[in-house]
Amino acid sequence: MDTLETRELRYFVAVAEELHFGRAAERLGMAQPPLSRAIQQLERRLGVCLLKRNRRGVCLTGAGEVLLHEGRAALDAATAAARRTRRAAGADRPGGPRNRLVLAVKAGASHELLHKLLDAYAAEPDAAEIEVLPSGTCEQEGMLRDGRADVALMHAPFNSLAGFDSEELMTEGQIAILPAGHPLAARKTLSLADISDIPDLPLARWSRHGTFPPGPGPEIHDQTQLAQLIALGRTVAVFPDSARAWLWAEHTAVPLTDAPPVVTHIAWPAHSRSLALAGLIRTATRL
């Protein structure tokens, strides 16, 4: 049996992520007995055991781990195909242009580069409309994989470029963004050690792939929240140097001497055949 239905994959991924048939059924909006039967049928068809069941719940077998990884990718690909097809026909936004690209960017990053790219591309003949879609830390990858975006500005070493085609656009250093009145804000440079354990100014914590790293700093959900907390003297953050473009008067940026450089790439799905996207990439590489 070499084919799987998207319905089967959706059922299995829900159970594998919840590790509980009841919660998975609730998430899928269905009763538990038919979900259990569907998973059992899938195991019979594949000829493998995907889940180990016991009184406390379920856990994945080695084969189940493989199908979870592959199933997520397959579901993302199916969703991306539908979204990009609708976008190509203008069906996702009635009355909007058919020739449109969605560009995912990390909010507050590469501000000047983004301005230059949008202006240069708009001057090209037959340029598509560019919809800029701001995202949180590391969200650009998921947006490319599931079709919410056609192209993204991504930042190594924070973003993974695995599975994408990309072109390097810019390399820059990193800065610490502190409240303007803090004693460290008067320094010309700082090290990562200098800002890692400030008693009254914990490092801000961004969600990465749905989870927040441990630490005493506030959980950050968007750039406006972060900017306000820094201004109020509640946190400090580390950003690429280009983030200076959005700083408030209550902020001070201090270069970090030992932070790794940040490399900005423009990235897109490796299988893309979009002429509009090819034109945007050509423009980006000429900046």
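Everything quoted here is computed from the prediction, not taken from an experiment.

A. Here's a closer look at the nonpolar core. F12, V15, F21, L35, I39 and L51 are the most contacted members of the largest nonpolar core, which has 21 residues in total. At the level of elements, helix 1 (6-18), helix 2 (21-28), helix 3 (32-46), strand 2 (57-60) and helix 4 (62-88) are the ones that each hand at least two residues to this core. Beyond its immediate stretch of four places on either side in the chain, V15 contacts H20, F21, A24, L35, I39, L51 and V58.

B. Representation of helix 3 in the model. Across its 15 residues, helix 3 extends 21 Å between first and last C-alpha, which sits within 8% of the 21 Å expected from 1.5 Å per residue. Those residues of helix 3 lying buried are L35, S36, A38, I39, L42 and E43. One side of helix 3 holds all its buried residues, which, seen down the axis, span an arc of 160°. Every exposed residue of helix 3 that faces more than 90 degrees away from the buried side is listed here: R37 and R44. For helix 3, the secondary structure elements touched by its buried residues are helix 1, helix 2, strand 1 (51-54) and helix 4. Within two residues after helix 3, G47 carries a phi angle of roughly 75°, on the positive side.

C. Highlighting the confidence of the model for the protein chain. Summarising the model, the protein chain shows a mean pLDDT of 92, and 98% of its residues fall at 70 or more. When the elements of the protein chain are averaged for pLDDT, strand 8 (residues 205-206) gives the smallest value, 88, and strand 11 (residues 251-255) the largest, 98.

D. Looking closely at the pattern of salt bridges. Enumeration according to the criterion identifies 17 salt bridges in this entry. R84 is the partner of D150 in a salt bridge, and the nearest nitrogen-oxygen pair spans 3.4 Å. Residue D150 is found in the loop between helix 6 (139-145) and strand 5 (151-156), and its partner R84 is found in helix 4; the two are separated by 66 residues along the sequence. By the burial criterion, D150 is buried, and R84 matches it. Notably, a salt bridge pairs D150 with R87, separated by 2.8 Å at the nearest N-O pair. In this pair, D150 sits in the loop between helix 6 and strand 5 while R87 sits in helix 4, placing the two residues 63 residues apart along the sequence. Residue D150 shares its accessibility class with R87, and that shared class is buried. Linked through salt bridges whose partners overlap, the residues forming this network are E17, E18, R23, R27 and R72.

Scoring rules and cut-offs
Just so you know, the residues in each chain are numbered from 1, in the order the chain's sequence is written. Only residues with pLDDT of at least 70 get local features here, since the model is predicted, and only at 80 or more are side-chain atom pairs given and counted; chain-wide, interface and lining totals rely on the full set of residues. Heavy atoms from the whole structure form the basis of all side-chain values; hydrogens and water molecules are not counted. We define the nonpolar core as a collection of buried residues of types Ala, Val, Leu, Ile, Met, Phe, Trp, Tyr and Cys that are connected through side-chain atoms lying within 4.5 Å of one another. Only protein chains enter the area calculation, which uses a 1.4 Å probe; residues under 20% of their type maximum are buried, those over 50% are exposed, and those in between are partly exposed. Numbering goes from the N terminus for both helices and strands, where a helix is a DSSP run of H or I of at least four residues and a strand is a run of E of at least two. Here, residues are in contact when the closest pair of their heavy atoms is within 4.5 Å. Take the number of residues in a helix, subtract one, and multiply by 1.5 Å to get its expected span. Directions are taken from the helix axis to each C-beta atom, and the arc is the one they span. Per-residue confidence from the prediction method is given by pLDDT, with values spanning 0 to 100. The term salt bridge refers to a side-chain nitrogen of Lys or Arg lying within 4 Å of a carboxyl oxygen of Asp or Glu.

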